[in-house]
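An overview of the molecular structure
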Amino acid sequence: MNPNVAAVARACNEGTENNTLSFPAQLGRLAEAGIEGYYVDFRQGVRIFHLPDGSALELPAHKVDANIAAAFTPAGVEAAVRRAQAGGADYTYQGFCLEAMASGCAGYVVSLPGRRVVYFGRTAETHVEHFPPAP
């Protein structure tokens, strides 16, 4: 991954972690840089950014000190996503992670070309959220 693209990935990772970059803004920056998507693993505390050529950059993500519920509850994950989308004054990415993990979410994959996020549980159950096309 070239240094300019890696810098965008690092900035998006940091902006997510410190609550200074919204999800839509992050998607725009990643798309401009040519990043195809990323994977967040709550169990390992990593975020991996992927390019179409197969190259990737693994960065540390906030390691949430909580257990992932054994049962995956799609409605709980969806509720966490809706609160994140509402972006209330008390929203934090870490709070979203805790809520998702309490609903059994072990991680998620963001696909820019697919315009979706796939949340998955420990038993590979999934919940899919689609996002609108960029303006």
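Whatever comes next refers back to the structure up there.
Residues numbered from 1 in each chain as written. Predicted model: local features only at pLDDT ≥ 70, side-chain atom pairs only at ≥ 80, totals over all residues. Heavy atoms only, no water.

1. Focus on the nonpolar core
- With 36 residues, the main nonpolar core has I35, F42, F96, Y108, V110 and Y119 as its most contacted residues.
- Put simply, the parts of the chain that give this core at least two residues each are α1 (3-17), α2 (23-33), β1 (37-41), β3 (56-60), α3 (74-86), α4 (93-102), β4 (105-111) and β5 (116-121).
- The leading source of residues in this core is α4, at 5 residues.
- With residues up to four places along the chain from it excluded, the contact list for I35 reads V5, A9, L30, F49, H50, L51 and L112. (Core = buried A, V, L, I, M, F, W, Y, C linked by side-chain atoms within 4.5 Å. Buried < 20%, exposed > 50% of the residue type's maximum accessible area, 1.4 Å probe, protein only. Helix = DSSP H or I, 4+ residues; strand = E, 2+ residues; numbered from the N terminus. Contact = heavy atoms within 4.5 Å.)

2. Things to note about the packing of aromatic side chains
- All chains considered together, the criterion is met by 9 aromatic pairs.
- Between F96 and Y108 the ring centres are 6.5 Å apart and the planes differ by 80°, which places this aromatic pair in the edge-to-face class. In this pair, F96 is assigned in helix α4 and Y108 in strand β4, connecting sequence segments 12 residues apart.
- In this structure F96 comes out as buried when scored by relative accessible area, which is 6%.
- Taking the relative accessible area as the measure of exposure, Y108 reaches 5% and is therefore buried.
- Within the aromatic cluster, the residues linked to one another by ring pairs are Y38, F42, F49, Y93, F96, Y108 and Y119. (Phe/Tyr/Trp six-rings, centres within 6.5 Å; stacked < 30°, edge-to-face > 60°.)

3. Quick notes on the packing of α1 against α2
- At a minimum axis separation of 9 Å, α1 and α2 run at an interaxial angle of 170°. Taken together, the axes of α1 and α2 are roughly antiparallel relative to one another. The residues of α2 that touch α1, namely those facing V5, V8, C12 and T16, are Q26, R29, L30 and A33. (Axes fitted to C-alpha atoms, helices over the stretch in contact; angles between N-to-C directions. Parallel < 35°, antiparallel > 145°, perpendicular 65-115°, else oblique.)

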